[in-house]
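Structural features, examined
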Protein chains: 2
Amino acid sequence: MMRRNTVQRRAIRRVLEEAGRPLGALEMLEDSKRYAPRLGIATVYRSIKALVAAGSVAVVELPGEPPRYEAAGKGHHHHFRCEFCGKVYELGGCLGGLKDLLPRGFRMTSHELLLHGRCPACAK
Amino acid sequence: MMRRNTVQRRAIRRVLEEAGRPLGALEMLEDSKRYAPRLGIATVYRSIKALVAAGSVAVVELPGEPPRYEAAGKGHHHHFRCEFCGKVYELGGCLGGLKDLLPRGFRMTSHELLLHGRCPACAK
DNA sequence: TTATTTTTGATATCGTATTATCAATATCAT
DNA sequence: ATGATATTGATAATACGATATCAAAAATAA
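Everything quoted here is computed from the prediction, not taken from an experiment.

With respect to the sheet that holds strand β3 (residues 68–71) of chain A
Spatial strand order, β1-β3-β2 (chain A): three strands in an open sheet with antiparallel pairing. In this open sheet, the two edge strands, each paired with only one partner strand, are β1 (23–24) and β2 (57–60) of chain A.

As structure tokens, this is what we get:
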């Protein structure tokens, strides 16, 4: 798998990079049609799977929603979800003091933070 | 709905309170069988729905998993998920400085934080 | 207790996201 | 350009959490 360089896979990869934010499978399908008009949803899922397995795409799971995907290798960061348009944005930076929240006996290996609100486009 | 006080609903409510941590529908089914042995999953879902609608139970959504439920009215808090046993625990307290993570133009209305790691029982 | 109405439990059905199927097509080595 | 084969797209099939169905059982009123 992933042996050949097809227009579809190039389109999917490109869209993910251009978006700069995590996209769901349907979003990827829509956006990719700009570069590969006859793209089907099956190919989107197949490509996601291959790209994730190859390590070039990361899965972004948000509560209560199907997974989204973003280009891998961005370093530690969190996300913001606009409760109006549903788009998810990437946030820079993080917070300290997380260990203070742990009760005795618990060991933390990672964490995730999600902010909710309105994005600039929906704030007006 | 919720007009009668049945052993099933008492069992479900009781299990949620005794757990002190968010439970999924199947967990609730299992635990409740102690008090209502012939309990069925349909009744669990029906009771959850009614209790949530009544405001006495809160939904806890975690990334990539079906929702869990906890007794309502606990005030702001976050959760810890043990990556070994999958149990979710309640954490006290919160963090400041969240607004610093927001880019210009974004408005935050809420947030959620999830810590991953091992619970005391799985840490050894 | 009896009658009335809600609730239950077993299970069929649904909804949605994802995967499998397979003939047609595109890619790449030659 | 040709042939071998990986890939695609349409869509059927699947997975699974949640809901709908409905006869039987349980709870409350009388």
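Focus on the relation of the copies chain A and chain B
Laying chain A over chain B is done by rotating through 179° and shifting 0.0 Å along the axis; what remains is an RMSD of 0.1 Å. Here the transformation between the copies is reduced to the relation of a two-fold axis.

A word on the pairing of strand β5 (residues 88–91) of chain A
Residues and elements named next belong to chain A. Where strand β4 (residues 78–82) lies against β5, four bridges are found, and the strand directions are antiparallel. Counterpart to R81 in the pairing with β5 is V88. The loop that links β4 with its antiparallel partner β5 comprises five residues; one of these, G86, has a positive phi angle of about 80°.

A few points about the protein's contact with DNA strand D
Every one of the 20 residues lining DNA strand D counts as a neighbour, but R3, T6, R9 and R46 of chain A together with Y45 of chain B are closest to it. Within 4 Å of the protein, the atoms of DNA strand D are drawn from sugar and phosphate moieties in a proportion of 64%. One of the side-chain N or O atoms of T6 of chain A is found 2.8 Å from a phosphate oxygen in DNA strand D. Here the surface near DNA strand D is composed, by residue class, of eight nonpolar, five polar and seven charged.

Observations concerning the interface of chain A and chain B
Tallying the contact residues gives 36 residues for chain A and 36 residues for chain B. Between chain A and chain B, a total of about 2,900 Å² is buried, with carbon and sulfur atoms accounting for 66% of that surface. Counting the surface chain A buries against chain B, the share from its top three residues, L101, F106 and E112 of chain A, is 22%. Here chain A is connected to chain B by zero salt bridges. Inspection of the chain A/chain B interface yields 12 residue pairs in polar contact (both at pLDDT 80 or more). Residue assignment for the side of chain A that touches chain B shows that the elements contributing at least two residues are β5, β6 (107–118) and α4 (120–123) of chain A. No other element matches the 12 residues that β6 of chain A contributes to the side of chain A that touches chain B. Of the residues belonging to the side of chain A that touches chain B, the class tally is 19 nonpolar, 11 polar and six charged. The pairing of β6 of chain A with strand β6 (residues 107–118) of chain B spans 11 bridges and is classified as antiparallel.

Reading the values: the criteria
- Residues numbered from 1 in each chain as written.
- Chains lettered and ligands numbered in written order.
- Predicted model: local features only at pLDDT ≥ 70, side-chain atom pairs only at ≥ 80, totals over all residues.
- Heavy atoms only, no water.
- Pairing = 2+ DSSP bridges.
- Helix = DSSP H or I, 4+ residues; strand = E, 2+ residues; numbered from the N terminus.
- Least-squares fit on C-alpha atoms with pLDDT ≥ 70 in both.
- Near = heavy atom within 4 Å.
- Polar contact = N/O pair within 3.5 Å; in protein donor to acceptor, adjacent residues only side chain to side chain.
- Nonpolar A, V, L, I, M, F, W, Y, C, P; charged D, E, K, R; others polar.
- Contact = heavy atoms within 4.5 Å.
- Buried area = accessible area lost by both parts, 1.4 Å probe.
- Salt bridge = Lys/Arg side-chain N within 4 Å of Asp/Glu carboxyl O.

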